[in-house]
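One letter stands for each residue in the lines below.
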Amino acid sequence: QLQASGGGLVQPGGSLRVSCAASGSIFSIEVMGWYRQAPGKQRELVAGLTSTGGTIYADAVKGRFTISRDNAKNTVYLQMNGLKPEDTAIYYCYAGILSSGYVSTRLYWGQGTQVTVSS
């Protein structure tokens, strides 16, 4: 249902954009966003789009990361600028999807994409 892409290796201070596309019998997508998990650490929220069109960001990424969504493509993007070594993690996208023929929203997760910030 969710396919993430765009991770890779980037030098400190560089930029990277990760994408996550939802597919299937989608009636509506309520929320979309990104978590990340660094080695030895818990998964943490990076950025999210709320059901009312708002955005939320972790304090650590405010001013550097931007989340956006293309409704026509059912895709969420995370533009990451000013990357730091501490941003190194596996980035997981999520989406709350109401599928056609269903009455409740289900939370889906992407497979994760590795982002490594290193010189």
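Here, residues in each chain are numbered from 1, in the same order as that chain's written sequence. Where local features are concerned, this predicted model is filtered to residues with pLDDT of at least 70; where side-chain atom pairs are given and counted, the filter is 80 or more; whole-chain, interface and lining totals use all residues. With hydrogens and water stripped out, all remaining heavy atoms of the structure feed into the side-chain values.

A. How the structure looks around the pairing of strand E4 (residues 26–37). Sheet topology places E4 next to strand E9 (residues 89–99); 10 bridges connect them, and they run antiparallel. Following the sheet pairing, Ile26 is matched in E9 by Ser99. Strands are treated as partners if at least two bridges between them are detected by DSSP. Each helix is a run of DSSP H or I of at least 4 residues and each strand a run of E of at least 2, with the numbering of both proceeding from the N terminus. Two elements, E4 and strand E5 (residues 44–49), share five bridges in a ladder whose sense is antiparallel. When the bridges of E5 are listed, Gly33 appears paired with Gly48.

B. Region of the structure containing the nonpolar core. Core analysis: the largest hydrophobic core is formed by 31 residues, its most contacted members being Trp34, Leu78, Met80 and Tyr91. Every element with two or more residues in this core is listed here: strand E1 (2–5), strand E3 (16–22), E4, E5, strand E7 (65–70), strand E8 (75–80), E9 and strand E11 (113–117). With five residues, E9 is the largest single contributor of residues to this core. Whether two residues are in contact is decided by their heavy atoms, any of which lying within 4.5 Å being enough. Excluding anything up to four places from it in sequence, Met80 contacts Gly14, Ser15, Leu16, Val18, Arg64, Phe65, Tyr91 and Val115. Throughout, nonpolar core names a set of buried Ala, Val, Leu, Ile, Met, Phe, Trp, Tyr and Cys residues whose side chains join them through atoms within 4.5 Å. For each residue, the accessible area found with a 1.4 Å probe, counting protein chains only, is set against the maximum for its type, and the residue is called buried under 20%, exposed over 50%, and partly exposed in between.

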